[in-house]
Structure formats: C-alpha cells, structure tokens
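# Remarks on the overall topology
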Amino acid sequence: MELEFLGTGAGVPAKHRNVSGLALKLLDERNAIWLFDCGEGTQMQILRTTIRPRKIEKIFISHLHGDHIFGLPGLLSSRSFQGGEEPVEIYGPAGLEKYVRTSLQVTKTHLAYPLQFIELSEGVIFKDKQFTVECMLLDHGVDSYGFRVSEADHEGMLQVDKLAVLGIPAGPIYGKIKQGQKVTLSDGRVIDGKDFVGTSKKGRVVTIFGDTRFMNKSSQFAKDSDVIVHESTFNKNEAKLARAYFHTTTQQAALIAKEAKAKKLMLTHISARYLAKEAKELEEEAKEIFPNTQVAKDFDSIDIPFS
C-alpha cells in the first residue's frame, strides 16, 4: 500500500505544483490503483511515474471544483487509447456523471470500457473482503467529502516450516491447523493449531480529506489512521481567511491528526504563494502540534507499512 502525490497545489497549476491528484497504489493487495481527485494535467503527471492508467480501478472525486475534476475526461479517454478495457467505478457528488458524460459526448469520445458512477452520500460507499471505504460530508460551500479507506485485518500465516520439521505432510489437515483447531495426528500426537499460525496483522487505514474548513468531527472520522492527507491552504496566522474561503490552516490540520491519534500527517493543497522556504515553514508550524507531519510535494511517494 503506497500513496503517490500527483498534484499538491491549490486552485490553479503552478510551475512547482500541479493541482489535486493522489494515487493509492494497491498493486500487491489487488493489482490496482485508486485515484483520488483528478485535476487538470493529472495524466501528464502520471506520465512521469510508473503508474499505468489501465490499472486504475476506482476514482474518488471529493468535490466538483475544477482543480479537482478538469483532468478527468482526458484521463478516461487516454486510458481507453492505451488499452484499458476493465470497467472503472467513479465515486463523486451529484453532477459528476453529467459533467463526465457530457464532456465525452461533446468530444465524440468512445471509451473501450464501461463507466459506473456512484453518487456519494455519507456512510459506507464500498466494501469487499479486502477494503471498506467510508465518506463524510465536509464544509466547503459545495458538497465536498473526505474518504476513509480501511483494510481488513490480515490473518496470521500458517507456519509450514514448523509443520515440516514435525513430519506433518501437507493435506486437508493444514486447513484445520490454520483455523487454530487442536488436531490429532495419525500417530496419536495432538497438536494445537494456534502454535503454528503466525501473528495476525491489523489492517491499515488511510483518510483523505477533500477541501474543507476545520471540523471537530474530522478527528473522529480519521481515528487511528496510519496516514491522514489533509489540505493546508493557509498558514497558522490566517484562520479568518481560511474560514472565509472554506479552507484549513496548517495547525488546524495538525490538531485533527493529533486528536485522531494518527501516525502520520501529509499536508497538501498548498497555495502557489508558498515556495520552497515558505512551504517548509508551513510544515514546521504543523509540527508544533503534530510532529510527524510532512508537506507533500508532487511525486512524493509514501509507503504505508503494517504497524
């Protein structure tokens, strides 16, 4: 599980930051990539990575401001040209399907794969044996959502080497041992399956917020996240401006991460007025409240290990 930042800027593209785009790479888990937001130029950013558009399985759009969706029709079109044939599920607020289908219709673009649109409402929007995705309505003037991606716990691995040492051959008995049952062998020995199953691993959690004002309930939504990705459009002294423009400051985002007991905070949606030195200052502000904070740059890649 890995996060790769394709665009970390706010509002309009800049030389040093493209607008919003984020890939959650689940190549080991399901040989797929999930995309969060798709601002203008996202497919050009992808060309500078190892991401293959045909691997994109799901796209989550936080809200319908242009810096989060203007790249979507082009990316979908290019995916078709590049051999993508598998369906794509697109999750977003009301109006997103109309925008995409109108763009494709007007440009007479034919896709070689089907699109499925899922209109967002609060709660669980996707669930299978591996992952659950929930969304929460934020405060941004237009409907804007945060997404919580929770991985199912990983069961402990059967310790085949230990069984081999005891001369226990592979077969149906392995299934009972894997379930932690007590098993009587053909020679009369009794073994406890729990002694031959490794430690289970708690599933990882990633919470990705769209554009929003500070909200107290965000920390509960992001509780115990391994990584929180949160916007940071304004510095700590601009709380009034942040509220007026429906955005968040560095220290407000850091407070959410602290209250959520998260492991790491990635700040994104950085205004173009903050260059390298100023962006570092944003990071230091947030670290005053939540030390494990990093201001994301375009093409940063963050591995999300098991705890």
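Let me sum up the structure you'll find in this document. (Residues numbered from 1 in each chain as written. Predicted model: local features only at pLDDT ≥ 70, side-chain atom pairs only at ≥ 80, totals over all residues. Heavy atoms only, no water.)

What follows concerns the environment of L138. Inspection of the secondary structure puts L138 in the loop between β8 (131–137) and β9 (145–151). Expressed as a C-alpha distance, the spacing of L138 and N237, which sit 99 residues apart in the sequence, is 22 Å. Leaving out residues up to four positions away in the same chain, L138 has contacts with S144, Y145, G146, F209, G210, D211, T212 and M215. (Helix = DSSP H or I, 4+ residues; strand = E, 2+ residues; numbered from the N terminus. Contact = heavy atoms within 4.5 Å.)

Under the definition given, this model contains nine aromatic pairs. Ring centres of F36 and F60 lie 4.8 Å apart, and the angle between their planes is 10°; this geometry places the pair in the stacked category. Pair noted here: F36 is in strand β3 (residues 32–38) and F60 is in strand β4 (residues 56–60), with a separation of 24 residues, a long-range link. Across the pair, F60 and F36 agree in class, each one buried. Between F60 and Y91, the aromatic rings sit 4.7 Å apart at their centres with planes inclined by 15°, giving stacked as the arrangement. Linking F60 in strand β4 with Y91 in strand β5 (residues 88–92), this pair joins segments that are 31 residues apart in sequence. By way of ring pairs, the aromatic residues W34, F36, F60, Y91, F126, F131 and F147 are connected into one cluster. It is K162 that lies over the ring of F196; its NZ or CZ is 5.3 Å from the centre. Here the basic side chain of R213 rests over the ring of F246, its NZ or CZ set 3.8 Å away from the ring centre. (Phe/Tyr/Trp six-rings, centres within 6.5 Å; stacked < 30°, edge-to-face > 60°. Buried < 20%, exposed > 50% of the residue type's maximum accessible area, 1.4 Å probe, protein only. Lys NZ or Arg CZ within 6 Å of the ring centre and 35° of its normal.)

What follows concerns the sheet that holds β4. Taken in spatial order, the seven strands make up an open sheet running β6-β5-β4-β3-β2-β1-β16, and their pairing is mixed. The outermost strands of the open sheet, each flanked by one partner alone, are β6 (115–119) and β16 (301–303). For this sheet the average axis-to-axis angle between neighbouring strands, irrespective of direction, equals 20°. Of the pairings in the sheet, the one linking β3 to β4 comprises four bridges and is parallel in character. Bridge assignment links F36 to a residue of β4, and that residue is F60. The strands touched by helix α4 (residues 72–81) are β3, β4, β5 and β6; relative to β4, the strand with the most contacts, the crossing angle is about 170°. Here helix α5 (residues 96–106) sits on the sheet and contacts β5 and β6; the angle it forms with β6, its principal contact strand, is near 155°. (Pairing = 2+ DSSP bridges. Axes fitted to C-alpha atoms, helices over the stretch in contact; angles between N-to-C directions.)

A separate point is the packing of α4 against α5. Where α4 contacts α5, the two axes come as close as 9 Å, and the packing angle between them is 60°. Here α4 lies oblique to α5, going by the angle between them. In this structure, α4 meets α5 at a crossing whose hand is right-handed. Across the interface between the two elements, L72, P73 and L76 from α4 touch L96, Y99, V100, S103 and L104 from α5. Taken together, the residues that form the contact of α4 with α5 break down as seven nonpolar, one polar and no charged. (Parallel < 35°, antiparallel > 145°, perpendicular 65-115°, else oblique. Left-handed = near helix turned anticlockwise from the far one by under 90°. Nonpolar A, V, L, I, M, F, W, Y, C, P; charged D, E, K, R; others polar.)

On to the side chain of E285. Considering the arrangement of structural elements, one finds E285 in helix α11 (residues 276–287). Buried and unpaired, E285 has no salt bridge, with K236 as the nearest side chain of opposite charge at 5.4 Å. With residues near it in sequence (within four places) discarded, E285 still touches N235, K236, T250 and Q251. (Lys, Arg positive; Asp, Glu negative; His and termini not counted. Salt bridge = Lys/Arg side-chain N within 4 Å of Asp/Glu carboxyl O.)

Reading across the sheet, the seven strands line up as β7-β8-β9-β12-β13-β14-β15 and stay open at both edges, with mixed pairing between neighbours. In this open sheet, the two strands that pair with only one neighbour each are β7 (123–127) and β15 (293–295). Direction aside, neighbouring strands of the sheet carry axes that sit 20° apart on average. Each of β14 (265–268) and β15 is contacted by α11, which is oriented at about 160° to β15, the strand it contacts most.

The terminal C-alpha atoms of α11 lie 17 Å apart, and with twelve residues this matches the ideal 16 Å at 1.5 Å per residue to within 8%. By the burial criterion, the buried members of α11 are A279, L282, E283, E285 and A286. Down the axis of α11, the smallest arc covering the buried residues is 160°, so these residues share one side. Turning to α11, the residues buried within the fold contact α10 (250–260), β14 and β15. (Expected span 1.5 Å × (residues − 1). Arc of directions from axis to C-beta.)

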